[in-house]
Structures are given as structure tokens and as C-alpha cells.
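# Summary of structural features
Okay, here's what each chain looks like letter by letter:
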Amino acid sequence: MSADLNSGVSGLGTLTSSFYLGVGIMQVPGGILAAKWGPKRTVTLGMLVSSFAVLGTSLASTILQAATLRFIVGAGMALVFAPSVVLMTRFLGGKSGTGVGLINSAFDVGGLFGLFGWILLASVTGWRSTLVLSGGLGVITALLVITFVPKDEGNLKLKFSAGKLARILRDRNLVVLGLGSQGSNLGSVLISSFMAYYLQASLGETAAIAGIVAAMIVVLPIYTSLWGGRLYDRTRKPRRLLILSGLGMTAALFVSAAPTLSAATIGAVLGGIAVGPASTINFAAAKDLGRVEKEYEGLTIGWVNSISLTGSFWPPLIFSYFARSFNYSAAWIAGAVMCFLLLVPLFFLRDDPSRFAKAS
């Protein structure tokens, strides 16, 4: 893409930021849509929007076109995550930690194909063909959801309450969760978006090696997301667990600053271990702390996700600026500093167990 679109690391930063801007600002509208229309329908719509935007990206000829379509991809994905968590949790009888863990693990399996398999495929057939394949698989997945996922239950004729929306948006704990989750999420965004490019452009590694290393940020969370979800269901202590995960991600970014393949590998592995529990615990706690009717559960998760992912809009721009103006070591260190500072809100989280719903 760098050669075809005549752009380097700054263009990669723009594409990454565009996606996270779209996925961040559309979380709350997605939650409202899920409350009024049902989570299954909302998930299906999001899959179709994002998949057709990916197909459109395969035809892009400029960074502006690609960035606009990446924004639409993000907006579509914003309609998928929170409602899918609600569906999974209901299937599991209210076990929010396990439900979020399963969803995160499924996302990471897809990320494994994107960060490793798709890199190898693109090196042979070109990047446009991989996007056609991705978009096509997304459309097929949406059709599978329509066919096999049970119909939405509950009050689909719900009259949406602006008062309940305001209460959710003003909830102190939800805001703190969203702000605090930016730390671990930031590290995951930087490693998944820049590591493969960094290894090839700066260290001269092959596409296969770069893909394997970068894929660690999604391979390990396939397990650690589930482990974190089970741990959360047992302890219901999100503050402590989220701070530990954030410190682990900070260490991962610092280690990656050393300009060697081994340091990059250790950084990606540490990041993969840290981000799985963080993402699972954060959204499971959001669902439990919200204490709202089931029609509004997607909105509480979407609000936390909105704060977290909208906040992921600017770190890729800062990272690409440091990489372009100084070097990649400075960029990784800058990422570690940002990650550490974003952990501060978590110290103000009230994780009183009495506020949590009981898992069945």
C-alpha cells in the first residue's frame, strides 16, 4: 500500500487513526440502535457496512480515499462489538467476563489471519486482493449471523429514554473505565498497526518474520482474554487487574524501543499477554457496573468503548510523528509514556463488589 498510495509511516498513522475515530464515535449510536432495534440486527448491519467498505478500500488510489473508507469500516465495526457481547453473555447465562473473553478471543483469531496470513498473501497477490477476500468473508459472516443466531428477544418496541441515556453517560465509573482502558488499548493499537511495518522498513526483516512477530499481539489474547474473563468472574476486582495489565503493556512498549528483532518479539509477546485480560475485564465491568435494563446493556459497553477507542485516534499520529522526525526507538518510548500516564484514571475506579450483578 505504501508504494501504491505514495505514503510511508505517516500514511499508516492516518489510516489507523481514521479507523479508530470511526469505531470510537459510533459506539454510542450503535448502543442506542441496539436498544431500539435489537443486538442481532445491529450486529448484522455493522458487519455489512464494514465489509462493503473494505471491498471499497481495495479500489482506493489515494490516502484520502483509503482513510475515508477506513473510517466507514470503523463505524461499521462500532455496531458489532457491544451488541455481540450482549448476545454472547445472554447465551452464557449472564457470565459477562466469560462472554467478553470469548468475543475478544474470536476477534483475535481474525486478527491472527490479518497480521500474519494476510501479510504473506499480500506479498504474493498484492494488498488489493486480500481486501477483496476480507470483505467477502465479512459478507458471508453476516449471512451466517442472519441464518443461525436466534432472533432478538425482549422489548423491541422499546421507547428509548433520553433520561437513561444521560444517566449512563454521566456514570462516573463508566467514564473512568473508558479513560483507564486507553492505556492497554493504546499499546495494542501501536503494536498491531506499526510492528510489522517497523520490522520490515527499519530492521530489514522479511514479511514472514514481521508477520509472525506482530501476530503475537493477537495470538496470545486468544487464551489470555478467556483467562482474564474467568478471573474477573471469580474476583470482580477490575481496578487491580486493569492496572496490572496496563503496567505490562507499558513494559512491552519500552522493550520494543531496543532496535533488535529479539526486543520487538519480547515486546509483542508481553503486549499480547497484557491486552487480553485488560480488554475483557474492562467491558465486562462496564456491563456489570451499569446496572441497566438488558436493552441498554449494549449502550453501557458502547459508551466505555467509545471513550477508549476515540482516545486511540491520536496515539498513531504521535507515534508516526516521532518515527518520522526522530526514530522508531523514540516512537516506542513515547508510546510507553502515553500508556503509563493513561493508567492514572484507574486509581479512581470504585469497584465495590456490591455494585456488580451476580454471575449465574
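Here the structure is shown first, and the text comes after it.
This section reports on the structure supplied with the text. (Residues numbered from 1 in each chain as written. Predicted model: local features only at pLDDT ≥ 70, side-chain atom pairs only at ≥ 80, totals over all residues. Heavy atoms only, no water.)

### Structural notes on the packing of aromatic side chains
Where we set the bar: Here a Phe, Tyr or Trp ring, Trp counted by its six-membered ring, pairs with any other such ring whose centre lies within 6.5 Å, and the pair is stacked when the planes are under 30 degrees apart, edge-to-face when over 60, and tilted otherwise. The secondary structure listing takes helices from DSSP runs of H or I that are at least 4 residues long and strands from runs of E that are at least 2 residues long, numbered from the N terminus.
Following the criterion strictly, the structure yields nine aromatic pairs and no others. Where Tyr-198 meets Trp-332, the ring centres are 5.8 Å apart and the plane angle is 75°; that geometry is what we call edge-to-face. Residue Tyr-198 is found in helix α10 (residues 182–201), and its partner Trp-332 is found in helix α17 (residues 328–341); the two are separated by 134 residues along the sequence. On the numbers, 6.3 Å between centres and 55° between planes, the contact of Phe-319 with Tyr-328 is tilted.

### What to know about the nonpolar core
Quick reminder of the rule: What makes a nonpolar core is a set of buried Ala, Val, Leu, Ile, Met, Phe, Trp, Tyr and Cys residues whose side-chain atoms join them at distances within 4.5 Å. Relative accessibility under 20% of the residue-type maximum defines a buried residue, over 50% an exposed one, and the middle range a partly exposed one, all with a 1.4 Å probe and only protein chains included. Two residues form a contact once any of their heavy atoms are found within 4.5 Å.
Counting residues in hydrophobic clusters, the biggest one holds 33 residues, and the most contacted among them are Ile-191, Met-195, Met-249 and Trp-332. When contributions to this core are tallied by element, the ones reaching two or more residues are α10, α11 (207–219), α13 (238–256), α14 (261–290), α16 (315–325) and α17. The element best represented in this core is α10, accounting for eight residues. If near-sequence neighbours (up to four positions away) are discounted, Ile-191 is found in contact with Ile-217, Met-249, Leu-253, Gly-267, Ala-268, Gly-271 and Trp-332. The next biggest cluster of nonpolar side chains, apart from the first, holds 32 residues, and it includes Val-28, Phe-81, Leu-174 and Tyr-296.

### Considerations on the layout of surface pockets
Empty space among the atoms can be located by rolling a probe the size of a water molecule over them. Condition: Points on a 1 Å grid, built from protein atoms alone, make a cavity when a 1.4 Å probe fits but cannot get out and make a pocket when they are open with protein on both sides within 12 Å along at least 5 of 7 lines; residues with an atom within 4 Å of a point are the lining residues. Grid points are joined across faces, edges and corners, and a volume is the space filled by probe spheres set on the points. Residue polarity follows a fixed list, in which Ala, Val, Leu, Ile, Met, Phe, Trp, Tyr, Cys and Pro are nonpolar, Asp, Glu, Lys and Arg are charged, and the others, Gly among them, are polar.
Counted as a void, the second largest pocket has a volume near 150 Å³. Trp-227, Leu-231, Leu-241, Leu-244, Ser-245, Gly-248, Leu-270, Ile-273, Ala-274, Pro-277 and Ile-281 are the residues that line the second largest pocket. Of all the elements in the fold, those that place two or more residues in the lining of the second largest pocket are α12 (221–235), α13 and α14. When residues of the lining of the second largest pocket are assigned to their parent elements, the largest contribution, five residues, is made by α14. Across the lining of the second largest pocket, the residue classes tally to nine nonpolar, two polar and no charged.

### A look at the side chain of Ser-7
Structurally, the position occupied by Ser-7 is in the segment before α1 (9–25). We classify Ser-7 as buried; its relative accessible area is 18%. Not counting residues within four places of it along the chain, the set of residues in contact with Ser-7 comprises Ser-2 and Ile-63.

### Some details on the packing of α10 against α11
Inclusion rule: Fitted lines through C-alpha atoms give the axes, limited to the stretch in contact for helices. The angle between two N-to-C directions lies from 0 to 180 degrees. Here the angle decides the label: under 35 degrees means roughly parallel, over 145 means roughly antiparallel, 65 to 115 means roughly perpendicular, and every other value means oblique. What makes a crossing left-handed is the near helix being turned counterclockwise from the far one by less than a right angle; a clockwise turn instead makes it right-handed.
Between α10 and α11, the least distance of the axes is 8 Å, while the angle of their chain directions is 165°. Comparing the axis directions of α10 and α11 gives the class roughly antiparallel. Of the two possible hands of crossing, α10 and α11 adopt the one that is right-handed. From α10, Ser-188, Ile-191, Ser-192, Met-195, Ala-196, Leu-199 and Gln-200 reach across to α11, where they touch Ala-207, Ala-210, Val-213, Ala-214 and Ile-217. Residue composition of the contact of α10 with α11, grouped by class: nine nonpolar, three polar and no charged.

### Describing the packing of helix α8 (residues 162–170) against helix α15 (residues 297–310)
Packing of α8 against α15 brings their axes to within 10 Å, and their N-to-C directions diverge by 40°. Between α8 and α15, the angle is such that the two are oblique. Note that α8 runs across α15; the crossing there is right-handed. Note on element contacts: α15 touches α8 through Leu-299, Thr-300 and Trp-303, opposite Leu-165, Ile-168 and Leu-169. Classifying every residue of the contact of α8 with α15 by side-chain character gives five nonpolar, one polar and no charged.

### Points about unusual backbone geometry
A negative phi holds for most residues other than glycine; trans holds for most peptide bonds. At Asn-6, a position not held by glycine, the phi torsion is positive, near 55°. Position of Asn-6 among the secondary structure elements: in the segment before α1. For Asn-6, a relative accessible area of 71% gives the class exposed.

### Here we look at the environment of Gly-117
One can find Gly-117 in helix α6 (residues 96–125). Each C-alpha atom of the pair Gly-117 and Ala-215 lies 9.4 Å from the other, and the pair is 98 residues apart in sequence.

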